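# Architecture and fold: a report
Residue-level listing of the chains:
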Amino acid sequence: KKHWETCPDCRREMETPGLESANALQGLFTERVAEMLKKHGKTAVCWNELLRSGQVPEGAQIQYWNVDDAPLMQEYISRGGGFIYSDMFELYLDYPVSMTPVKRMYGMVPKIDTMPCGELPNMLGLEVCVWTEYIADRVRLEERLFPRAFTAAEKAWGSAAEDYASFCARLEKVQRLAESAGIACVPRESWDPRGKARRKETIAYMAEINTGLSDDRRAETLESAKPGKAFIKNFMNKFFKPTDIPFLLKYLLGR
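Now for a description of the structure that goes with this document. For clarity, every value in this text was computed on a predicted model and none was experimentally measured.

### Things to note about unusual backbone geometry
Of note, the bond from Phe146 into Pro147 is cis; its omega dihedral lies within 30 degrees of zero at 15°. Mapping Pro147 onto the fold places it in the loop between helix H6 (138-145) and helix H7 (148-156). One non-glycine residue, Asp113, adopts positive backbone phi at about 60°. Note on placement: Asp113 falls in the loop between strand S4 (111-112) and strand S5 (115-116). Overall, Asp113 belongs to the partly exposed group, its relative accessible area being 42%.

Below you can see the structure in the form of structure tokens.
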């Protein structure tokens, strides 16, 4: 919302009593859109940042992705609010399998920070997300999706994640069907990369998403995103290992 603060139209709206912040303005905007949708029999689904406004349209649902808003999510859930679980460290598939491997996704226990939520009646389901600004072709897209999208489906249908070997045997059969239909999938031997293979793919991805960003643009992106301590902690713990630190430093210093 950085540019909302300097936009003359947004500033004019924020002079209205009760709308003195960009978060409050988002709440007003969402209320208006939700009313339009309701007239057409549709339900608004809103990212968890909306909770910062203090207002959620009646009947709307929240899609959880960012651990920085976990306290607001926990409060919202305690009031019975409906939500979709899309934790970015578990269910974002634009990251390669080295960062979100099949085994870890299969063993996932849906949580809002430390609060288990998989059995809550107001949890409406899981949704995987894939953002394509760094996905240049169909093969890369399909390999990001499969077989992890199948794994997420298993979790959404209620797997207790008790027998990974049994799951892999079933997953291999499904993957063969997908491949016979011309769908590109990550090969079985690469579902759960370790050691140098895992580190190489992870560092290559981090290098790729930073290519073309000037130092000024990178700083502006971080300033706009404002990652909190919980986000940074999860980013490092979920996607990296302590042994990666020398390689990350080497990459950052050599960039």
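### Concerning the nonpolar core
By size, the foremost hydrophobic cluster in this structure holds 45 residues, and its most contacted members are Met73, Tyr85, Met88, Ile112 and Phe239. Elements supplying a minimum of two residues to this core: strand S2 (61-64), helix H3 (70-78), strand S3 (83-85), helix H4 (88-91), H7, helix H9 (195-210), helix H11 (229-239) and helix H12 (245-254). Excluding residues within four positions of it along the chain, Ile112 makes contact with Tyr64, Ala70, Met73, Gln74, Ile77, Tyr85 and Cys117. Val97, Cys168, Leu171 and Val186 belong to the second-largest nonpolar core, a separate cluster that totals nine residues.

### Remarks on the sheet that holds strand S6 (residues 123-126)
Taken in spatial order, the four strands make up an open sheet running S1-S2-S3-S6, and their pairing is parallel. Of all strands in the sheet, those with a lone pairing partner are strand S1 (45-47) and S6, marking the two edges. Along the sheet, successive strands turn relative to each other by an average axial angle of 30°, direction set aside. Direction of pairing for S1 relative to S2: parallel, over a ladder of three bridges. Opposite Cys46, over in S2, you have Ile62 as the bridge partner.

### Side note on the pattern of salt bridges
Summed over the entire model, instances satisfying the criterion amount to 15 salt bridges. For the salt bridge of Lys2 with Glu220, the shortest nitrogen-to-oxygen distance reads 3.9 Å. Note that Lys2 is positioned in the segment before helix H1 (8-13) and Glu220 in helix H10 (residues 215-225), a separation of 218 residues in sequence. On the accessibility criterion, Glu220 (24% relative accessible area) is partly exposed. We note a salt bridge from Arg32 to Glu13, for which the minimum N-O separation is 4.0 Å.

Rules used in this analysis
Residues numbered from 1 in each chain as written. Predicted model: local features only at pLDDT ≥ 70, side-chain atom pairs only at ≥ 80, totals over all residues. Heavy atoms only, no water. Helix = DSSP H or I, 4+ residues; strand = E, 2+ residues; numbered from the N terminus. Buried < 20%, exposed > 50% of the residue type's maximum accessible area, 1.4 Å probe, protein only. Core = buried A, V, L, I, M, F, W, Y, C linked by side-chain atoms within 4.5 Å. Contact = heavy atoms within 4.5 Å. Pairing = 2+ DSSP bridges. Axes fitted to C-alpha atoms, helices over the stretch in contact; angles between N-to-C directions. Salt bridge = Lys/Arg side-chain N within 4 Å of Asp/Glu carboxyl O.

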